Structures are given as structure tokens and as C-alpha cells.
Amino acid sequence: MSPGTSHLDVRRRLAAAAFLAATIWLPIVSSPPVVQAAACTGWSSTTTPPPTIRVLRVSTGVVVAVDFETYVKVVMPAEWPSTWPIESMRAGAVAIKQYAWYYTMHYRGGTGTGGCYDVRDDNTDQVYSPAITQYPSQIQAVESTWSESITKSGVFVFTGYRPGTNVACGTDADGYHLFQRSALNCAIDGKTGEEILQIYYGPGLVIQAPTTYHALTPARVLDCRDGTGLSGSFSSNVARTFTVTGHGGVPANATAVTGNLTVTQQTSLGYLYMGPNATNNPTSSTLNFPLGDDRANAVTVALGAGGTLSVTYVAVPGASAQVIFDVTGYFTPDTSGATYHALTPARILDSRDGYWIGLAGAFSSHVARTFGVAGRGGVPGNATAVTGNLTVTQQSNLGYLYVGPNATNDPTSSTLNFPLGDDRANAVTVALGAGGTLSVTYVAVPGASAQVIFDVTGYFTPDGTGATYVALTPARVLDSRDGYWIGLSGASSSHVARTFTVTGHGGVPSTAIAVTGNLTVTGQTALGYLYVGPNAMDDPTSSTINFPLGDDRANAVTVALGAGGTLSVTYVAVPGATAQVIFDVTGYFTP
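The following paragraphs examine the structure supplied in this document. (Residues numbered from 1 in each chain as written. Predicted model: local features only at pLDDT ≥ 70, side-chain atom pairs only at ≥ 80, totals over all residues. Heavy atoms only, no water.)

### Structural notes on the layout of surface pockets
By volume, the largest pocket is sized at about 1,100 Å³. Taken together, 31 residues form the lining of the largest pocket, with E194, I207, L303, G304 and A305 sitting closest to its centre. For the lining of the largest pocket, the elements supplying multiple residues, two or more each, are helix 6 (193-201), strand 10 (205-208) and strand 29 (468-479). With four residues, the single largest contributor to the lining of the largest pocket is strand 29. By residue class, the composition of the lining of the largest pocket is 15 nonpolar, twelve polar and four charged. (1 Å grid on protein atoms, 1.4 Å probe; cavity = no way out; pocket = protein on both sides within 12 Å on 5 of 7 lines; lining within 4 Å. Points joined across faces, edges and corners; volume = space filled by probe spheres on them. Helix = DSSP H or I, 4+ residues; strand = E, 2+ residues; numbered from the N terminus. Nonpolar A, V, L, I, M, F, W, Y, C, P; charged D, E, K, R; others polar.)

### Quick word on the pattern of salt bridges
Throughout the structure, instances matching the rule amount to 23 salt bridges. The residue D422 makes a salt bridge to R553 at a minimum N-O spacing of 2.7 Å. One end of the pair, D422, is in the loop between strand 25 (416-418) and strand 26 (424-431); the other, R553, is in strand 35 (residues 553-560), with 131 residues separating them in the sequence. One exposure class covers both D422 and R553, and it is buried. Where D479 meets R481, a salt bridge forms, and the shortest distance between an N and an O atom there is 2.7 Å. Through salt bridges with shared partners, a single ionic network connects D293, R295, D422, R424, D551 and R553. (Salt bridge = Lys/Arg side-chain N within 4 Å of Asp/Glu carboxyl O. Buried < 20%, exposed > 50% of the residue type's maximum accessible area, 1.4 Å probe, protein only.)

### Describing the environment of T335
Summarising the element assignment, T335 is placed in the loop between strand 19 (320-332) and strand 20 (339-350). Classification of T335 by relative accessible area gives exposed; the value is 75%.

### Focus: the packing of helix 2 (residues 68-79) against helix 3 (residues 86-105)
If you want to describe how two helices pack, look at the angle between their axes and the distance between the axes. Orientation of helix 2 relative to helix 3, taken along the N-to-C sense of each, is 125°, at an axis distance of 10 Å. Between helix 2 and helix 3, the crossing angle belongs to the class labelled oblique. Helix 3 is crossed by helix 2, and the crossing has right-handed handedness. Here F68, Y71, V72, V75, M76 and E79 of helix 2 come into contact with helix 3, specifically with M89, G92, A93, I96, K97, A100 and W101. Of the residues that constitute the contact of helix 2 with helix 3, the class distribution is ten nonpolar, one polar and two charged. (Axes fitted to C-alpha atoms, helices over the stretch in contact; angles between N-to-C directions. Parallel < 35°, antiparallel > 145°, perpendicular 65-115°, else oblique. Left-handed = near helix turned anticlockwise from the far one by under 90°. Contact = heavy atoms within 4.5 Å.)

### Considering the state of the cysteines
Counting across every chain of the model gives two disulfides. The disulfide bridge from C40 ends at C116, spanning 2.0 Å between sulfur atoms. Note on the C40 and C116 pair: the S-S dihedral is about 90°, so by sign convention the disulfide is right-handed. Of the two residues, C40 sits in the loop between helix 1 (7-20) and strand 1 (52-57) while C116 sits in strand 4 (residues 115-116), which places them 76 residues apart along the sequence. The buried category is assigned to C40, whose relative accessible area is 16%. Disulfide pairing places C169 opposite C186 at an S-S distance of 1.9 Å. Across the disulfide from C169 to C186, rotation about the S-S bond amounts to roughly 95°, and the bridge is consequently right-handed. Placement of C169 in the loop between strand 8 (160-162) and strand 9 (177-179) and of C186 in helix 5 (residues 180-188) is noted, with a sequence separation of 17 residues between them. Taking relative accessible area as the criterion, C186 reaches 0% and is therefore assigned buried. Sequence-ordered numbering of the bonded cysteines in the protein gives a disulfide pattern of 1-2, 3-4. (Disulfide = S-S within 2.5 Å.)

### A few points about the packing of helix 3 against helix 4 (residues 136-144)
Contact geometry for helix 3 and helix 4: axes closest at 8 Å, N-to-C directions at 55°. Taken together, helix 3 and helix 4 sit at an angle that is classed as oblique. In this structure, helix 3 crosses over helix 4, and the sense of that crossing is right-handed. Taken together, the residues of helix 4 that come into contact with helix 3 (itself represented by I86, M89, R90 and A93) are S137, Q138, Q140, A141, V142 and S144. Split into classes, the residues belonging to the contact of helix 3 with helix 4 amount to five nonpolar, four polar and one charged.

### Notes on the sheet that holds strand 5 (residues 119-120)
Overall, mixed pairing links the three strands, which are arranged 2-1-5 in an open sheet. In this open sheet, the two strands that pair with only one neighbour each are strand 2 (62-67) and strand 5. (Pairing = 2+ DSSP bridges.)

### Quick word on empty space enclosed by the protein
Tallying each qualifying case throughout the model produces three cavities of 30 Å³ or more. What the largest cavity holds in volume is close to 440 Å³. The wall of the second largest cavity is formed by L287, N288, R295, A296, R424, A425, R553 and A554. For the lining of the second largest cavity, the elements supplying multiple residues, two or more each, are strand 16 (287-289), strand 17 (295-302), strand 26 and strand 35.

### Re helix 4
Among all positions in helix 4, only Q138, A141 and V142 are buried. When helix 4 is viewed along its axis, its buried side chains cluster within an angular range of 95° and face the same direction. Those residues of helix 4 hidden inside the fold are in contact with helix 2 and helix 3. (Arc of directions from axis to C-beta.)

### Focus: unusual backbone geometry
With an omega of -5°, the peptide bond between G202 and P203 qualifies as cis. Within the secondary structure, P203 is located in the loop between helix 6 and strand 10. In this structure, Q394 takes a positive phi of about 55° despite not being glycine. Q394 sits in the exposed class, given a relative accessible area of 52%. Backbone geometry at H495 places phi at a positive 60°, although glycine is not the residue there. In this structure, H495 sits in the loop between strand 30 (492-493) and strand 31 (498-501). Take H495: its relative accessible area is 31%, and that puts it in the partly exposed class.

Everything listed is a geometric property; what it means functionally is a separate question.
As C-alpha cells, this is what we get:
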């Protein structure tokens, strides 16, 4: 802005641009027309745009196949003025793209010379004129949002948009249309394109940005005991935020991370919540714990604004706790990383006598041991990282396990913390080492020993053959407790598998093939374990979360969905035992 230009001048210029834009047609459909059963382009993915779109050139009656990204870039200058703020155009680029994308999935029956078409090139749909000038700002708006799509209650949104009137930001929002002129005021007020989409197509909007994974050697990015990330203990119901990007190998363009959250020195039982947004009173939990028990849980979690995460300790007033977070990998909204392949859980390590899978015999304290993963449990030789569940049993002393790609006798981060006499599990997303291996170290007093088990649940490969990831704000999709009855109602009985639907809930679309989330047990009448997986099994051969009596316990999962977008849970305990089960979803994978 030049010294002689005021904000009022800017608003006047933008208002003039809005007046000029009044002649630009925008769709005014409040809901999509009834569609026919037949298919034209027949696209189905709601996370990956179609490669082409079939356009009717109205003047000639000829149908042409156009590169989809080229189509969106050509439509952009016909619908959004290049003089408007970039965030206004970014919101518009998503609306234009998704309007056309919708009709590649929902054929209306139109035909012309050369076959069927998805959209017309005139103001019956969106104006497509290849000779129009495309300005750099308009191209930037399309390219910077290309990985984004939006859903609402798990359904791909039909993005109607209208010119509207020059009123305050969001004043005319109706949940179905982006009103161009008031959205312009949103951008002038400092809203991002994503925030504008939330204002006009929300509430309940989920902005999908499929991502690929980059595994890291575990690194500590938060330890409030020594001032890493934050200083000083957490107080009950006071959210605190710390920066993740730029630390531990996480770049600025990361949208989500995997890692391990640990609590210690808590003065009261309670739970931690971790997510992209700061909330003093969260509605889901990440890590449940009693008093006097150092406890960890894995997370796959979306990053907030500025590459941050927020943590809340929920307990009685006046309570405090120390919090630690080790990052193990990150997701970026591009194809530079690895894609995911979900597996039915399979045991590939069990050091106990009589099993001897992977390695034989107990682990000794501070002695790293390495076992092969590639070639076992469905993991191929080109896998770069795996998801799974690490379990300790028969430990002779309290301590912790570390798992990672490199053997280290004295690790600087932890994966699974545990006391004496407590079988305990924790999920992992971890890079593989040379030759497709993992290394585990038991850290305890000299002479201590422990048995270790590892069940693999999926793997990443450095190509596009697998699924991409979309992170979500944590949402509860199962709570069997009386008075909640989300997903299933009433306690689970021992050795009786129960199935609940995940897709269509918490932002998970019907195209999802796997999810990340947090599984919690409470109200159990006997010690035992839970199994969660794509198939209903009354007698599962692997475990997800182990627990004693009288201990609310959580464990993270990355798990394949079964037929119809479902998951099945089995409580394994003595006959007649019951338990209540909770599941919070944190993201999903789509092919």
C-alpha cells in the first residue's frame, strides 16, 4: 500500500471491482438438480479430483474432454475478479472446482456431438472460455487449494455460489452458498480462504486435504519439565499451545503429525486432550491415566494454525501435570511422501517362551534388539514405515520401551511407559530401518527383563499405490455408556464381537478405507483386552489395548475399515465380564 492510500480507498476500489463483477454469472442453485442414474465421466473419489471433465461447447454442440485443472483455471477469471484479495479467490477456486467435480460424479443426462457431457460452457453451469486471460493471482488461488475438497457430515458438498450484496462478512451465509460480495469483506477482514468456506458452507464443514507420510526418527519436541516447547506444569482445564513445525524435522508445510504423548508427575487422575485447536473443556480424550502412573499414548493429529498443537489436562481444580511429546513423522499435502496400505492385524514379534516370533527370549535392560518386519504379516520389501501395536508383559521392573528404525541402547525418547505387573500396549507409526527392520530397547534398572510383542496393522510405501490421509478434529463416534449410546448401546460382553459404523460419522466419508483414532475402555468388570479391526472376531488372535480392573485406559489405532465402513470390537475377558467402549476418530485414509 502506498503512503497516500488509505484502507478506505482500498475498500472503495474493491467495491468498484464488486460492481464490475455484477455482470459475471455465478450459479444460484440452492441444491443440486435431481441427477440421472447413468454415468458420464463417472468419477467417484471425493479426495482426488478427476483427471478430465467433459464440457459441452454450446455454440457448436460438440462435447470436448478437458484437463480438469485447466478447466478450473479457465473458469476462474470468468467468475472471480483478479483485483480481489487472494483469500477471496482461494475460497472461490474451491467452490468452482468442487461445483464441476460434483457433476463428474453425478450425471444429469446431457449429450451432444461426441457423447455425454458433465457441464455446459455457459452460464447454465460455469463460464468456460479458453481465450480468457488468466492472471497470476487467479492461477495461484487454484494451485494453492488444489489438494482441498470439502465435506459436510461425510457428504461431498455441492458448492453453489451467488453474487450476493455488499454486506458484512457472513451476514447472508445460509450453509449452501458462497455469497461473493460479502465473502470479499471476509477477506478484507483478514479471513483465510478456508475460514471463508467454513463461514458459508458450515457448520460442520470438513476441509479435506489428502496428504502423504514422511517418517522420522523419534524426536522430543515438548517436555515442559525442562522447557522444551513449553515451560512449567499444566494446570487443569487450561489449554496450552506449542509449535511443532520447525522442530524435530517437521517442515512448515506439514498438516498433521504422528507421535507419542506422555504424562508424568500428575497430581490427580484425569486425561489429556491433544488437537489442532485450543479448548479448555474438550469433548474427546487422547490419554487417560490414574494417579502415580507415567503413561503414554500414540497420536495421529492435525496441526493447527502456524503448525501448532494444543494440549489440555482435564482433572479436578488445582491439579497439575507434566506433559511430553515425541514426534515420529508428518504428513504433507502433496505426493512427495508415502501412501498407506491397511492390513488385518498380524503378530510379527512375540518374545515369550513358547511363541518366539521374530525374536526369542526376554529383553534385558538397555540392550537394543532388532527384528525383521518386511516380508512378515503382509508387509512388502519396499515399505518405508509401519503402523502397529507394541505390548509389554512379564516385566520385572517398571520402565519404558523405545521402538525405532535404529538400534540404540540409551534412547532419548520413549514409546511405551509402564509400571510393574501391568500388561500394557501402545500404538506406533514408525519408520523402518535398513533391511525393513525395527529395533526395540527396554529401559529399566540393571538386570531387569521384559517380554515384548508387536502386531502390525499397516504399512507405507514411497509411491502412489496406497491411500492418502485426511486429518480431522477429533470426534466421538462410539460411546456405549448409558446416557451416551453413540454407535452402540450398552456394555460389551466378553468374547462377543460388536460392529459399529464409522463412515458418515465424525467427518469420515463413504470412500474411506481406514481410520486413525483413539480406543478407550471404562467400566470393565474384569481385566482383559480389547481388539478392534475390520472383521468381527469373538476370539481374536491379536490385541489392541490391554488393561487391569478399575483403570480407564486408551490406545491409539490406525485400522482398516470393514464392509460398509464399519469397525468391530471384541472385549476378551473371563465369562460374564462386561466393559464400556469409546472410540474417537482423528482422521481417515482414502484410495
